[in-house]
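Descriptive structure summary
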Amino acid sequence: MDGLNVLPLAVTMMAGPQIMSAIIFVTTPRAVRVSLGFLTGVAVATTAGTALTMGLASLLDLGDPDDSGSAGKIIQYVLVALLAAAAIRNWILRETVQPPKWLGTLMAAGPRQALKVGLLVILLMPSDIIVMLTVGTNLSQADANFAEALPFIGATVLIAALPLLFLLAFHRRAVAAMPHVRDWMNTHSWLINIIVCAIFIVLILA
């Protein structure tokens, strides 16, 4: 993807409430069906969001990707500033930062609600919007076609599927471990947010 590292981008897409949702779904009574609904939503949202950002970027004159003063580079610098501000805010408010309250309602979710959650955690999360904007801008500047975004989309869905794959491969251990992982992520959501911002800043500037 013309200099963008697919795996870290996919990890950034799913870090935070996104992967927490996936973990919660594998602890529900209908774990497989609910998780598959969630993964479908993630796949559709990531594909649509990436296509949309590529389309929007193609309408703009982003300039030469090697020109530090091009519109594309300026957009990336603005994204870096927003991410740095978000990381600082999470550090300042680390004692009071809590995961979204809606995460607590997912234990009773069915496949249809999980599908909806998969769509919304991608399309409405600021961090994911920033990632897809960066991917779309980068691909547009490189005059790439949509097929070159498929590794990013596939890696994002794969990261989202890891809790389910762990459940299927190590059922007994997964059932015991996932609630502990979920609780740790709930109490350390501020740290996860900071790590996500830091990784993405490095990816943009690299």
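Residue indices begin from 1 for each chain and proceed along its sequence in written order. Confidence filtering applies because this is a predicted model: local features only for residues at pLDDT of at least 70, side-chain atom pairs given and counted only at 80 or more, and all residues used for totals across whole chains, interfaces and linings. Excluding hydrogens and water, the side-chain figures rest on all heavy atoms present in the structure.

Considering the overall build of the protein chain
Secondary structure elements follow DSSP: runs of H or I of four or more residues count as helices, runs of E of two or more count as strands, with numbering from the N terminus. The secondary structure content of the protein chain amounts to nine helices and zero strands. What you see in the protein chain, going N to C, is helices and strands ordered as α-α-α-α-α-α-α-α-α. Here the term buried applies to any residue with accessible area under 20% of the maximum for its type, exposed to any over 50%, and partly exposed to those in between, with areas from a 1.4 Å probe on protein chains only. Per-residue burial over the protein chain gives 46% buried out of 206 residues. Here, residues are in contact when the closest pair of their heavy atoms is within 4.5 Å. Sequence separation of at least 24 residues holds for 82% of the intrachain contacts in the protein chain that already meet a minimum separation of 6.

Focus on the packing of aromatic side chains
Side-chain rings of Phe, Tyr and Trp (the six-membered ring for Trp) are treated as a pair once their centres are within 6.5 Å; stacked means planes under 30 degrees apart, edge-to-face means over 60, and tilted covers the remaining angles. Applying the stated criterion across every chain yields a total of two aromatic pairs. Ring plane angle 45° and centroid distance 5.4 Å describe the contact between F166 and F170, whose orientation is recorded as tilted. Classification of F166 as partly exposed rests on a relative accessible area of 29%.

So, a nonpolar patch on the surface
Residues with no salt bridge and a relative accessible area higher than 30% make up the patches, which join like charges within 9 Å and nonpolar side chains (Val, Leu, Ile, Met, Phe, Trp, Tyr) within 5 Å. Areas reported as accessible are Shrake-Rupley estimates using a 1.4 Å probe. Residue values count occlusion only from the protein chains shown. In the sections that follow, a salt bridge refers to a side-chain nitrogen of Lys or Arg positioned within 4 Å of a carboxyl oxygen of Asp or Glu. A surface patch of nonpolar side chains, about 530 Å² in accessible area, is lined by V32, L36, L158, L162, L165 and L168. Every element with two or more residues in the nonpolar patch is listed here: helix 3 (31–58) and helix 7 (150–169). Residue contributions to the nonpolar patch peak at four residues, all from helix 7. Within the secondary structure, L165 sits in helix 7. Residue classification places L165 among the partly exposed positions, given a relative accessible area of 42%.

Structural notes on the nonpolar core
Here, nonpolar core means buried Ala, Val, Leu, Ile, Met, Phe, Trp, Tyr and Cys residues that are tied together by side-chain atoms lying within 4.5 Å of each other. Counting 51 residues, the largest nonpolar core has F25, F38, I122 and F152 as its most contacted members. If one sorts the elements of this core by residue count, helix 7 sits on top with eight residues. Ignoring any residue separated from it by four or fewer positions in sequence, one finds F25 in contact with A31, V34, S35, F38, L106, A109, A114 and V117.

Brief notes about helix 2 (residues 17–25)
Burial analysis of helix 2 places nine of its nine residues in the buried class, which makes it a mostly covered element. When we look at burial in helix 2, the residues that qualify are P17, Q18, I19, M20, S21, A22, I23, I24 and F25.

Some words on the packing of helix 5 (residues 111–123) against helix 6 (residues 126–141)
A pair of packed helices is captured by two measures, namely the crossing angle of their axes and the spacing between those axes. Axis definition: a line fitted to C-alpha atoms, limited for helices to the stretch in contact. Angles are taken between N-to-C directions and run from 0 to 180 degrees. Look at helix 5 against helix 6: their axes get within 6 Å of each other, and the N-to-C directions meet at 65°. The angle between the axes of helix 5 and helix 6 places the two elements in the roughly perpendicular class. Contacts from V121, I122 and L123 in helix 5 reach D128, I129 and M132 in helix 6. Of the residues belonging to the contact of helix 5 with helix 6, the class tally is five nonpolar, no polar and one charged. Any angle that falls under 35 degrees is termed roughly parallel, while one over 145 is termed roughly antiparallel, one within 65 to 115 roughly perpendicular, and all others oblique. Only Asp, Glu, Lys and Arg are considered charged in this grouping, and only Ala, Val, Leu, Ile, Met, Phe, Trp, Tyr, Cys and Pro are considered nonpolar; every other residue, Gly among them, is considered polar.

Some words on the side chain of Q18
Looking at the element boundaries, Q18 is found in helix 2. One polar contact links the side chain of Q18 to the main-chain carbonyl oxygen of M13, over a distance of 3.1 Å. Beyond its immediate chain neighbours, meaning those up to four positions away, Q18 contacts M13, F38, V121, M125, S127 and D128. Think of a polar contact as two N or O atoms within 3.5 Å of one another; within protein, one of them needs to be a possible hydrogen donor and the other a possible acceptor, and neighboring residues in sequence only count if both atoms come from side chains.

Regarding the environment of C197
When you line up the elements, C197 lands in helix 9 (residues 189–205). Its relative accessible area of 8% is what places C197 among the buried residues. Spatially, the C-alpha atom of C197 lies 8.2 Å from that of T12, the residues being 185 residues apart in sequence. Not counting residues up to four positions away in its chain, the partners in contact with C197 are L83, A86 and A87.

Thoughts on the packing of helix 2 against helix 7
Remark: helix 2 packs on helix 7, axes separated minimally by 8 Å, with the N-to-C direction vectors making an angle of 30°. Judged by the inter-axis angle, helix 2 sits roughly parallel to helix 7. Regarding helix 2 and helix 7, the two cross each other, and that crossing is right-handed. Residues I19, A22 and I23 of helix 2 form the contact with helix 7, whose own contacting residues are I159, A160 and P163. Note on convention: the crossing is left-handed when the near helix lies turned anticlockwise from the far helix by less than a right angle, right-handed when the turn is clockwise.

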